[in-house]
Amino acid sequence: MSMAQAIERFVPDGARVAMGVALEPLIPFAAGHEIIRQRRRDLELVGPISDSLFDQMIGAGCVRQVTAAWVGNVSEGLGHCYRRAAEQGIPRSIVIHDHTNFSIALALWAAAWNAPYIPSRTPLGSDILNRNPGLEMDGDLVRVHAVRPDVAIVHVQRCDAEGHAQAWGPMGITEEAGLAASSVIITCEDLVDPAVVLRHPNRVLFPETKVAAVVREPGGAHPSPVQGYFNRDHAFYRDYAQASRTREGFDAWLEQWVLDLPDRSTYLSRIDLGALRMSDE
Amino acid sequence: MSEAPYTEQELMVAVASREIRDGDLVFVGMRLPILAYAVARNSHAPTARGLFEVGLMRDQPATEFLGTMGDPPNVAGALWATRMSNVMALLAQGLVDLGFIGGAEVDRFGNLNTSYVGDPARPKVKLPGSGGGADIAILSRRWVTLMRHERRRLVKDVSFITSPGFGDGSPGWRGRHGLLGGGPAAIITTLCVLRFPLGGGEAYVASVHPGRTFAEVRSETAWDIRAADDMSETPAPTDAELASIRRFDPGGFWTRG
């Protein structure tokens, strides 16, 4: 299935979407950019940290709510679009449900296990408790209420056409996000024969019954790193941080890198992926 | 100052590295603490281990530049690549000896704000949020934060507690609220090292960095800060510490910015 078809079918306006669930690696930027191109609106984004992708989708006006532990640019600092939305309602106001990295993982595990909540010590003593209705005191502990995404979008190294996905490197909250979600969109570097992945069934991330779409999208995580394939493009993150300082700068960036491009392959033709490719695997 | 043999950041990294004890399990975080871990591991803490919430455990620090903890050079040579929940399991069990947390604002009781400056409903500045900071503050045995020493950052009371230190400063606040760990052990700034009384309370100046004065610290701190009776000068980075820092940050991305 093409990226455009997968987003068209499985990411409707108003959807609760989990992305960037491996933290800094394997961020599904190509999927996020297609969501922006298709002008999705009123999304709720769910994730742990987001290394610039949520910032871009907020700046593009796709987002009604953010349910996350951290939104910014990991090597550069603040998320300028996130700031403008939270501080000035530009391009629109957003609702923020703050989490910690641990509590968003627990919220997704609760949904994965179909439990209403998981009792936790985190984030006791934090004002986050007062800002997020999904975190509630219960005696000496916190009830971390379940967060169930409509769809999780996960970039992996390889997958077969049936949805047997395999990823490696640190996994963040990938597994709980996929299990918690009603369905999963896989975007992958390599689309492989089932025999390749089913030789190691322990390493299949999700049951095939959860996977709604598989999209072959090599380089689909740029500028984030893909273990065994690509290093992180630090300069690209730096340039994005600079450009997005003003609304005008962000709008120009978005036109250049997303809106004026028909698809990911055009984007990649403007990137020196070879310079980022890992040589040792 | 132009001929200083080391930068403010290099001094902070050296001081932070001395907080790591041999054998510690360290929740490393990003930026300067990664360098502090590398320095410690190569000198006085050869059996320390580093945990990264992205889902990694390491013994040796990465040998190439890291922009983030999830970069491939941090995976190469890792002892364990896993899911975040597994790393958090160790934290939740109280097995993490030391954590590093980044902060935009800290108050006299060691509470960190990385969420909202001003009214959260209409913030003056929306900061990125907790990440794993609150988890480390609540659950690690002790933790340390590094910060530029400015009046707007070292405030009397933070407007929002993202990562709790000693709360309202009253004795036993952490225990009463069910927080597992011991709280902040030190605030390392560009001017000095702040520490806390045993069991919690208000931060005081334990040592002032070479070339700096307590008067400077007072004028850059937004509460009436006290000096320790035995306040000293922070030992400068040694040649070995500087060599180690420069080996792991060869371009000076983190320490010469």
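Going by the structure above, here's the rest.
Definitions and cut-offs
Residues numbered from 1 in each chain as written. Chains lettered and ligands numbered in written order. Predicted model: local features only at pLDDT ≥ 70, side-chain atom pairs only at ≥ 80, totals over all residues. Helix = DSSP H or I, 4+ residues; strand = E, 2+ residues; numbered from the N terminus. Rg over C-alpha atoms; globule rule 2.2 N^0.38 Å. Buried ≥ 20, exposed ≤ 12 C-beta atoms within 10 Å, placed from the backbone. Contact = placed C-beta atoms within 7 Å. Nonpolar A, V, L, I, M, F, W, Y, C, P; charged D, E, K, R; others polar. Expected span 1.5 Å × (residues − 1). Arc of directions from axis to C-beta. Pairing = 2+ DSSP bridges. Axes fitted to C-alpha atoms, helices over the stretch in contact; angles between N-to-C directions. Parallel < 35°, antiparallel > 145°, perpendicular 65-115°, else oblique. Left-handed = near helix turned anticlockwise from the far one by under 90°. Core = buried A, V, L, I, M, F, W, Y, C linked by C-beta atoms within 7 Å.

### Quick notes on the overall build of chain B
Thought 1: Looking only at helices and strands, one finds 8 helices and 15 strands in chain B.
Thought 2: Taken over C-alpha atoms, the radius of gyration comes to 17 Å for chain B, in line with the 18 Å a tight globule of 257 residues would show.
Thought 3: Summarising its shape, the C-alpha atoms of chain B cover approximately 45 × 45 × 35 Å along the three principal directions.
Thought 4: Each of the 257 residues in chain B was classed as buried or not, and the buried ones make up 55%.

### Side note on the interface of chain A and chain B
Thought 1: Contact residues are listed per partner, giving 47 residues for chain A and 44 residues for chain B.
Thought 2: Mapped onto the side of chain A that touches chain B, the elements with two or more residues apiece are β2 (43-51), β3 (63-73), α4 (80-88), α5 (101-112), α6 (128-131) and α7 (174-180) of chain A.
Thought 3: The residue makeup of the side of chain A that touches chain B, split by class, is 21 nonpolar, 14 polar and 12 charged.

### A short note on helix α10 (residues 247-259) of chain A
All names here are of chain A.
Thought 1: Between its first and last C-alpha, α10 extends only 15 Å over 13 residues, short of the 18 Å set by a 1.5 Å rise per residue.
Thought 2: Those residues of α10 that sit buried are Phe250, Leu254 and Trp257. Looking down the long axis of α10, one finds its buried residues gathered within 95 degrees of arc, a one-sided arrangement. Seen from the buried face of α10, the exposed residues on the opposite side, beyond 90 degrees, are Glu248 and Glu255.
Thought 3: Buried residues in α10 make contact with α3 (53-59), α4, α9 (234-243) and α11 (264-268).

### Digging into the sheet that holds strand β2 (residues 49-52) of chain B
All names here are of chain B.
Thought 1: Pairing in this open sheet of 10 strands is mixed, and the strands run β4-β3-β2-β1-β5-β10-β12-β13-β14-β15 from one edge to the other. Of all strands in the sheet, those with a lone pairing partner are β4 (80-81) and β15 (226-233), marking the two edges.
Thought 2: Both strand β14 (residues 204-208) and β15 contribute to a ladder of 4 bridges, which runs parallel. Pairing of Ser207 across the sheet is with Ser232, part of β15.

### Concerning the pairing of strand β12 (residues 184-189) of chain B
Residue and element names in this part refer to chain B.
Thought 1: For β12, a buried count of 5 out of 6 residues is recorded, marking the element as mostly surrounded by other parts of the structure.
Thought 2: Two elements, strand β10 (residues 142-147) and β12, share 5 bridges in a ladder whose sense is parallel. Paired with Trp143 across the two strands is Pro184, which belongs to β12.
Thought 3: The pairing of β12 with strand β13 (residues 192-195) spans 2 bridges and is classified as antiparallel. Considered in β13, the bridge of Ile187 is made with Leu194.
Thought 4: Count of turn residues in the β12/β13 antiparallel hairpin: 2 residues.

### Brief notes about the packing of α5 of chain A against helix α4 (residues 84-92) of chain B
Thought 1: Between α5 of chain A and α4 of chain B, the least distance of the axes is 10 Å, while the angle of their chain directions is 120 degrees. The angle between the axes of α5 of chain A and α4 of chain B places the two elements in the oblique class. α5 of chain A and α4 of chain B meet at a crossing whose hand is left-handed. For the pair formed by α5 of chain A and α4 of chain B, the contact residues are Asn101, Phe102 and Ala105 of chain A on the first element and Met84, Ser85 and Met88 of chain B on the second.
Thought 2: Here the residues of the contact of α5 of chain A with α4 of chain B sort into 4 nonpolar, 2 polar and no charged.

### Let's talk about the nonpolar core
Thought 1: With 157 residues, the main nonpolar core has Leu45, Met57, Leu108 and Ile186 of chain A together with Leu35 of chain B as its most contacted residues.
Thought 2: With 9 residues, the top contributor of residues to this core is α5 of chain A.
Thought 3: Ignoring sequence-local partners within four residues, the contact set of Leu45 of chain A consists of Val17, Met19, Phe54, Met57, Val63, Val66, Thr67 and Ala68 of chain A.
Thought 4: Counting 6 residues, the second largest nonpolar core, distinct from the first, contains Leu127, Val158, Phe160 and Ile161 of chain B.

### Section: helix α2 (residues 32-41) of chain B
One turn of an α-helix holds 3.6 residues; hence residues three or four places apart share an orientation.
All names here are of chain B.
Thought 1: For α2, the buried fraction is high: 10 of the 10 residues fall into the buried class.
Thought 2: Of the residues making up α2, those classed as buried are Leu32, Pro33, Ile34, Leu35, Ala36, Tyr37, Ala38, Val39, Ala40 and Arg41.
Thought 3: In the core, the buried residues of α2 are packed alongside α1 (8-17), β1 (25-27), β2, β5 (98-102), β10 and α8 (239-248).

### Overview of the environment of Gly249 of chain A
All names here are of chain A.
Thought 1: For Gly249, the location among the structural elements is in helix α10.
Thought 2: For Gly249, a count of 14 C-beta atoms within 10 Å gives the class partly exposed.
Thought 3: If we skip the residues at most four places from it in the chain, Gly249 touches Ala243 and Ser244.

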